[in-house]
Amino acid sequence: MSGLLELDDVKVHFPVRRGLLFERTVGHVHAVDGVSLSVPAGRTYGLVGESGCGKTTLGRAVLRLTDLTSGRVLFDGTDLAALPAEEMRRARRRLQMVFQDPLGSLNPRQNIEAILTEGMAAHGLGGDRAARGARVAEILERVGLPASALGRYPHEFSGGQRQRIGIARALAVEPDLIICDEPVSALDVSIQAQVLNLLEELQDSLGLTYLVIAHDLAVVRHISDVIGVMYLGALVEEAPSDALYASPRHPYTRALMSAVPVPDPAVEDTRERILLRGDLPSPAAPPPGCRFHTRCPWRQPERCATERPELTELADGHRVACHYAAGIADGSIRPTADLAPHLLGPPTAGQEAARAAG
Ligand SMILES: Nc1ncnc2c1ncn2[C@@H]1O[C@H](COP(=O)(O)OP(=O)(O)OP(=O)(O)O)[C@@H](O)[C@H]1O
Ligand code: SF4
Ligand SMILES: [Mg+2]
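Within an unreviewed UniProt entry, the label attached to the chain reads ABC transporter ATP-binding protein, and the organism entered is Streptomyces boetiae. Reading the Sequence similarities (unreviewed entry) entry of the UniProt record for the chain gives the comment "Belongs to the ABC transporter superfamily."

Next up, the structure:
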């Protein structure tokens, strides 16, 4: 199925410049480094990964808020990068973004009515003043805010309410796709579920398509149809949400998953815990070969440090970028002793003897 949004080998490299008088480019930050993905209409794609792996840059590149270095972004069959500025401005109505920090993304001097009608007016939507007023009232109701909110200002609302205003602002221009960048990470846990539920309700009633970005797997789990896991600018695994949780195949996904506590104490005591060694490498100097090889507990002497693995389909819709994914899954490839002693269990008698001998 072709998606409403299709990314084809998208790269965003930021130049690193040095020098006081004469600036020169001394390298590049490989923020997004070859991402291909597809989001079907009416579905949700969850994009997860650690801070700095390139999630926001990818979202901004889709909206052309950041220039692509190479690759293509197709929206409803149209290559956005090739659109002249005016056509891109019109296309932006259909592609909206909801930000992590609702207060920072709302103009503090505009009341809610002005915030919601600004985009409508810019795109010539909503008809005359009365019709626009009725439309704004309907949107407020949809996002669960009282009509009395219209004359008030962003600082008068709680974090969760402000995020509802951010969502209402996106809805006001009748978008098809909303990129939600960490939509709940600034909110209390109790409020997070309410905002995620609201996004799901709106999707059901309006047929919206979402790209939801988060650093936390738990946030995207229930809302996503498909999840992509990003590491250092590239996807390392992509699968339908249930399949990813039932059997994560990439060592990095397994490590991320093992960091999520499980409420059931019996499961919590026995579940896999993978402690990753070393820091996240800099995207200005990504490791050669498999980007994850400097921290991978299953790293093998061949290929891992030299050959970059492609995202390859292992099962229906389950794609993994690891040379040894099949062997790791069936247990024939074991964690490497020096990288993951905690995964190997207590040493055998033979290992003890070898250690004692020197
Ligand atoms: N305008 C820019 N110029 C140079 N480097 C940038 C720019 N924007 C982002 N970066 C770098 O690109 C990399 C990816 O950043 P990005 O903000 O996309 O990550 P992220 O996954 O959204 O992280 P977070 O979870 O912290 O929001 C980081 O190393 C960041 O420092
Ligand atoms: S390719 Fe090698 S280093 Fe990369 S995830 Fe697979 S086993 Fe680990
Ligand atoms: Mg970000």
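A. How the structure looks around the site of ligand 2. Among the 13 residues in the neighbourhood of ligand 2, the closest are listed as Cys290, His293, Cys296, Cys304 and Cys322. Partitioning the shell around ligand 2 into residue classes produces nine nonpolar, three polar and one charged.

B. A look at the nonpolar core. Ranked by size, the top nonpolar core spans 84 residues in total, and within it Leu211, Val229 and Tyr231 carry the most contacts. Counting residues domain by domain, this core receives three or more from each of domain 1 (5-236) and domain 2 (247-357).

C. Spatial organisation of the site of ligand 1. Surveying the vicinity of ligand 1 reveals 13 residues, the closest of which are Phe14, Ala31, Ser51, Thr56 and Thr57. For the shell around ligand 1, the secondary-structure elements that each account for two or more residues are strand E2 (24-39) and helix H1 (55-62). Per-element tally for the shell around ligand 1: the top contributor is H1, with three residues. In the shell around ligand 1, the residues fall into five nonpolar, seven polar and one charged.

D. Representation of the sheet that holds strand E5 (residues 78-79) within the structure. Sheet architecture is open: four strands sit in the order E2-E1-E4-E5, paired in antiparallel fashion. Both edges of this open sheet fall to E2 and E5, since each of them pairs with a single strand only. Where strand E1 (residues 5-18) meets E2, 12 bridges bridge the pair, whose relative direction is antiparallel. Each residue of the ladder has a partner; that of Leu7, found in E2, is Leu37.

E. Here's a closer look at the domain arrangement of the chain. Domain boundaries assigned for the chain yield domain 1 (5-236) and domain 2 (247-357). Relative placement of domain 1 and domain 2: their C-alpha centres are 33 Å apart. With 17 residues of domain 1 at the contact, the number on the domain 2 side is 15 residues. When residues of the side of domain 1 that touches domain 2 are traced back to their parent elements, those giving at least two are E2, helix H8 (217-221), strand E9 (226-231) and strand E10 (234-240).

F. Up close: unusual backbone geometry. Although it is not a glycine, Glu174 adopts a positive phi angle of roughly 55 degrees. For Leu232, which is not glycine, the phi torsion reads 45 degrees and is therefore positive. Take Leu232: it is sitting in the loop between E9 and E10.

G. Representation of the sheet that holds strand E8 (residues 209-214) in the model. Spatially, E6-E7-E8-E3-E9-E10-E12-E11 is the arrangement adopted by the eight strands of the open sheet, whose pairing is mixed. Two strands bound the open sheet, and with one partner strand each, they are strand E6 (95-98) and strand E11 (312-315). Neighbour to neighbour, the strand axes of the sheet diverge by 20 degrees on average, direction disregarded. As judged from the two bridges shared by E10 and strand E12 (residues 318-320), these two strands associate in the antiparallel manner.

H. A look at the packing of helix H4 (residues 112-122) against helix H6 (residues 159-172). Running from N to C, H4 and H6 cross one another at 30 degrees; their axes reach a closest spacing of 8 Å. With respect to each other, H4 and H6 are oriented roughly parallel. Viewed along their axes, H4 and H6 form a crossing whose handedness is right-handed. Two secondary-structure elements touch here, H4 through Ile112, Ile115, Leu116, Gly119 and Met120 and H6 through Ile165, Ala168, Arg169 and Ala172. Tallied by class, the residues present in the contact of H4 with H6 amount to seven nonpolar, one polar and one charged.

I. Focus on the pairing of E10. For E10, a buried count of six out of seven residues is recorded, marking the element as mostly surrounded by other parts of the structure. Here E9 runs beside E10; their pairing, made up of six bridges, is antiparallel. Each residue of the ladder has a partner; that of Ile227, found in E10, is Ala239. Connecting the antiparallel pair E9 and E10 is a turn made up of two residues, with Leu232 showing a positive phi of about 45 degrees.

J. Spotlight on H1. Counted residue by residue, H1 has seven buried out of eight residues, so it is predominantly covered. Restricting attention to buried positions, one finds in H1 the residues Lys55, Thr56, Thr57, Leu58, Gly59, Ala61 and Val62. Looking one or two residues beyond H1, the residue adopting positive phi is Arg64, at roughly 60 degrees.

Calculation notes
Residues numbered from 1 in each chain as written. Chains lettered and ligands numbered in written order. Predicted model: local features only at pLDDT ≥ 70, side-chain atom pairs only at ≥ 80, totals over all residues. UniProt positions renumbered as here; feature names shortened; annotations may be inferred. Near = placed C-beta within 6 Å. Nonpolar A, V, L, I, M, F, W, Y, C, P; charged D, E, K, R; others polar. Core = buried A, V, L, I, M, F, W, Y, C linked by C-beta atoms within 7 Å. Buried ≥ 20, exposed ≤ 12 C-beta atoms within 10 Å, placed from the backbone. Domains from an automatic or database assignment. Helix = DSSP H or I, 4+ residues; strand = E, 2+ residues; numbered from the N terminus. Pairing = 2+ DSSP bridges. Contact = placed C-beta atoms within 7 Å. Axes fitted to C-alpha atoms, helices over the stretch in contact; angles between N-to-C directions. Parallel < 35°, antiparallel > 145°, perpendicular 65-115°, else oblique. Left-handed = near helix turned anticlockwise from the far one by under 90°.

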